[in-house]
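So the chains spell out like this:
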Amino acid sequence: MNKAVNNGVWSGTWVAQRLGVELEGDDTLKELLGLALRRNPKRAHLLVSHVLGKHVPQSPAVVHGHGVALGRRVRDLLGDQEAAAAVVLGYAETATGLGHSVADGIGLAPYLHSTRRPVPGITPAGGFEESHSHATSHLLLPENPALLAGDGPLVLVDDEFSTGNTVLNTIRDLHQRYPRRRYVVVALVDMRSAADAGRLEEFAREIGARVDLVAAASGTVRLPEGVLEKGQELVTRYEEAARPSPTTPQSAVERVDLHWPPGLPDGGRHGFAPAHRIRLESALPQMAARLAEALPEDARRVHVLGCEELMYAPLRLARELERITGAEVRFSTTTRSPVLAVDDPGYAIRSRLVFPAHDDPADGPGDRYAYNVAGAGFDAVIAVVDSTADTPHLHAPDGLLAQLSAHTPQVLLAVVPSYVPERPSMLPEPLRGPAFSSYAPEDVGWLLQDLSDVTLEAPTEEREEAIQSGGAHYAESLPVEYQPTEQYQQLFHTALEESGTRLAQAVGAVTEIVLAERSPRPVLVSLARAGTPVGVLMRRWAQHRHGLDLPHYAVSIVRGRGIDANALRWLAAHHDPRDVVFVDGWTGKGAITRELAAAIEEFEATEGITGFDPEIAVLADPGSCVRTYGTREDYLIPSACLNSTVSGLISRTVLRADLVGPDDFHGAKFYRELAAADVSVHFLDAVSARFPEVADAVDAQAKELLSADRTPTWEGWAAVERISEEYGIHDVNLVKPGVGETTRVLLRRVPWKILARAGAGADLDHVRLLAEHRGVPVEEVAELPYTCVGLIHPKYTRGATGADGKAVTL
C-alpha cells in the first residue's frame, strides 16, 4: 500500500473507474501519484503523492531525495551566483517539508514556509489565498522581514502546480511589497491544463520579472462533466458505510526527550538559515540514537509521524533513524485534509484515523487525520509534534496518541520545542521636538524612527510608474518635497486667515465629542502626518477649554500594510487601550478608515491585546465614513496645502523591509533644512487664537452633533466607485476625493485631471494654481458630492506623460 502500483494495480484505478477521471502525462506520473476523493465543495478528486511524505508512508530517503533533487535542478538553472542569493518559500501545510528539502538541494538558500497558525506577537510580513483548498489563508511570519526583501531569486515550492492560482496570488502579493527580477516555481508534478499553461508566462510579462518552472513530472487530469457532484455522492455513500468503530488503546505512550538544540527553529515558519541547517545536521545522529534506544528490540517496521506543518524535523529524524537501524522506516504526517478512505488496492487512501485538533488552531476546533497508518503493520509509531501541539487534546481518549495506540504495539512521543522569535523587551521612547520635528516636545511624541540621514526621495514620475506597475509600494520611498512659490505661499496664508474661525470651531466640536463619548481623559493618537496638526490642535482645545493636559502621539499607518504594530504595543504598555482615540485630518473615500479597522482586528488576534477602538476622529468627514467629526463639509483645511512645512517638517512615513525591522517603529525624515519655510507652529497658533471667539458656537455645534444620527453612509466610497467607472479608470485607489486629497495628488502624484464642483469658490484657489503649474485640466462638474476630486493618471508611464510629468489626454 506504500507504492503507487501494487501488484500491477495503479492506486488511482478505483477513482478512475467510478468517475471517469483520467491521468495523462509522463511515464513516471502514475508512479508518483494515486487518486482519492475528498469532501471539498471546490474539487472532488485529490492527487495523492507517494513521495511527498504526507498521506502515504514512504521511505524518508525517498521523500528527502526527491526534494533535494529538485533543489539541485534549481541550482543548475540559476547558476552558482544567483543560487547563493536565492530564498526558498514553501507552502503550508503540504509542502513545508518538500520546500525545506529543496533548500537543502540548492545549498546555501535560507528557507521560509507559509503557515496557517498565527503566532502571538509576530506581525505577518505578507499573506495570500489558496483558492481550491479547504483552508485558504496563508501567513508569512519571518523573524526578519528582510529575508523577503532581497533582490535574489525567490523559489516557491508546492507539491503540485495545477491552476497556478496559488503561486500567482503569492507572487502578486510579494512582488508588490518586495519586487525582484526572478522567480522559480518548483513542484513535484506540473498538472496544469492547456488553458492554464500560458498564464505563468503572461503573468511574468505583466510584472516585468522572469518566472521559471521546475517539476519532477508533468501531465493533466481530465475530468468528465458532473465529476464534482458524482464525487460528492460517492464520498457520502462510502463514508456512511464505513463509519469507524470506537478504538481501544492497546499500548502505552512513552515520551522520548530528543535533547533538541536550544534556540534551533523547529522548521521554517519563522525562517531557517544555513547556519541552522549546520546545527541540525550535527545534532541529528544523537537525537536519532535516543529514538532508536527507545524502540522495542524486535521492531522491524517503524513509522515516524509528523504533525501538519511540522514535516521537515520528523523527516530528517526518520532519515537518520533509517541510517542507523536495521528496521524498515517509513514517514508521513497528519493533515487537515478530509479524504475518503477505501480499503482497495486501487485506491490511494486505504485507512484513516480521525482525531481532534490539538494545537489550538486559529480557525477553531476540528477534525484532523492520519492516513494509511492503521492496518499497515507497524511495530512502533513515533509521533513527533512541536510543543504548541503537546496539549491535553493530544493525550485525550479520542486524541491522536490513543488512536495510534489502537493500531501498533508501541507509541513513542517526541516533542520539538516550538520556536518563537525573541523581541526586544523595551521599545524606544517617542521622538520629540526640537530634535525631531519643529513642534514643541509637549505637543506630540512621534512613535517613529528617524531616517533623516537616508536618501529616500525619488522623482514623482518614477515613483508613480513604479507604484502603478507593482514594482514598489508607495511607502518604500518619498516624493521630493514640494517647494511652494511665493504666489502659492500667499494663497496658504490667505486661506488660513479666511478659514481660521471655521477650523477652530471644527477642532472644538470634534474634541468635545471625543470627551463626551470616548473618554474623559483620552490619549490622542494621530495618524502621521496629516492627522498630527489636528491632534495638536485637539490637545490645545482640551487644555484651553477644560484644563486637560492630554497625551498625544503620532503613529504610522500604511494603506495595504496596516498600522505600526510596535507603536500599538508601546501604547498598550503605557496607556489603557480603551482611552486611545485615533485622529486624522479628514476622510476621502474612507480607505484609511477601513485599513485601521482591519489592522486593529488583526493586531488583537495576533497579540491578544484588546481595547483599541478603530473609530477615527477627524476634523472633516466629507466621505461620511466615521461617527466622530467636527464637520462633514468639504472645505480647505490649510494644513493640506503644504507638505512637511505645515506638519512639523516631518516627511510621510516609510515602511521598507531593509530599513524597518520587525521590532522597529516605522520611519520618517525630519527636514531640518527647510526650517526657513516652516509654517507649522504659525498654523497652530493662528487656529488656536480663534478658540475664545468660537466657544459658544462650539457648544451649540457639539450639542447638535451629539444628538444627531451620525451613522456613516459611506456615500463618498460609492461616489468614488462611480467616478472610477465613468472616467474609465477602474481603480478606486487612483481617485482621490475632497480638497485635501486632491491637493495631495497635485503635490505628490502624477495627476490626470481635476474635477471641481461647479461654482466652487476660494476653497479651490490653491488647487487651480497647482493644476496650472502641473498642466492639469480642471473640469467643472455639476453634480459632485465633493468640492473637488483629483484623478491620478491611470496606466501611468513616463512615456505616456512626458518627462515633465504633465498630464496628457488618454
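Our subject is the structure listed above.
Quick caveat: nothing in here was measured; it's all calculated off a predicted structure. (Residues numbered from 1 in each chain as written. Predicted model: local features only at pLDDT ≥ 70, side-chain atom pairs only at ≥ 80, totals over all residues. Heavy atoms only, no water.)

1. Overview of the side chain of E160
Working step 1: Mapped onto the secondary structure, E160 falls in strand 10 (residues 154-161).
Working step 2: Owing to a relative accessible area of 12%, E160 belongs among the buried residues under this scheme. (Helix = DSSP H or I, 4+ residues; strand = E, 2+ residues; numbered from the N terminus. Buried < 20%, exposed > 50% of the residue type's maximum accessible area, 1.4 Å probe, protein only.)

2. A look at the packing of helix 3 (residues 60-84) against helix 10 (residues 312-324)
Working step 1: Contact pair helix 3 / helix 10: the axes reach a minimum separation of 8 Å and the direction vectors enclose 125°. The orientation of helix 3 with respect to helix 10, classified from their angle, is oblique. For the crossing formed where helix 3 meets helix 10, the hand is left-handed. The segment helix 3 lies against helix 10, with P60, A61, V63 and H64 engaging Y312, L315, R316, A318, R319 and E322. (Axes fitted to C-alpha atoms, helices over the stretch in contact; angles between N-to-C directions. Parallel < 35°, antiparallel > 145°, perpendicular 65-115°, else oblique. Left-handed = near helix turned anticlockwise from the far one by under 90°. Contact = heavy atoms within 4.5 Å.)

3. Side note on the pattern of salt bridges
Side chains carrying opposite charge are able to pair once their charged atoms draw close together.
Working step 1: This model, assessed by the stated rule, comprises 38 salt bridges.
Working step 2: For D212, the salt bridge is made with R210, and the minimal N-O distance between the two is 2.9 Å.
Working step 3: As a salt-bridge pair, R722 and E726 come within 3.9 Å of each other at their nearest N and O atoms. On the criterion of helical spacing, the pair formed by R722 and E726 is a turn pair, its members being four residues apart in helix 20 (residues 715-726).
Working step 4: Taking relative accessible area as the criterion, E726 reaches 58% and is therefore assigned exposed.
Working step 5: Here the salt bridges do not stand alone but share partners, grouping E82, R182, R210 and D212 into one network. (Salt bridge = Lys/Arg side-chain N within 4 Å of Asp/Glu carboxyl O.)

4. Points about the sheet that holds strand 13 (residues 253-256)
Working step 1: Reading across the sheet, the five strands line up as 13-19-18-14-15 and stay open at both edges, with parallel pairing between neighbours. The open sheet is flanked by strand 13 and strand 15 (328-333), the only strands paired with a single partner. Averaged over all pairs of adjacent strands, the angle between strand axes in this sheet comes to 25°, irrespective of strand direction.
Working step 2: In the sheet, strand 13 pairs with strand 19 (residues 411-416) via four bridges, with the strands oriented parallel. When the bridges of strand 19 are listed, V253 appears paired with V411.
Working step 3: This element, helix 9 (residues 274-294), spans strand 13, strand 18 (380-386) and strand 19 of the sheet and lies at about 155° to strand 13.
Working step 4: Sheet strands in contact with helix 10 are strand 14 (301-306), strand 15 and strand 18, and its direction is about 175° off that of strand 15. (Pairing = 2+ DSSP bridges.)

5. So, the nonpolar core
Proteins that are soluble and globular tend to have nonpolar side chains buried together.
Working step 1: Core analysis: the largest hydrophobic core is formed by 109 residues, its most contacted members being L37, V155, V186, Y347 and I382.
Working step 2: Per element, the largest residue contribution to this core is seven residues, and it comes from strand 11 (residues 182-190).
Working step 3: Once residues lying within four places of it in the same chain are set aside, the contact partners of Y347 are S11, W14, V15, L35, A36, L37, V339, L340, A341 and V342.
Working step 4: Residues V646, L747, V767 and L769 belong to the second largest nonpolar core, which totals 70 residues. (Core = buried A, V, L, I, M, F, W, Y, C linked by side-chain atoms within 4.5 Å.)

No statement about biological role is implied by the geometric values presented.
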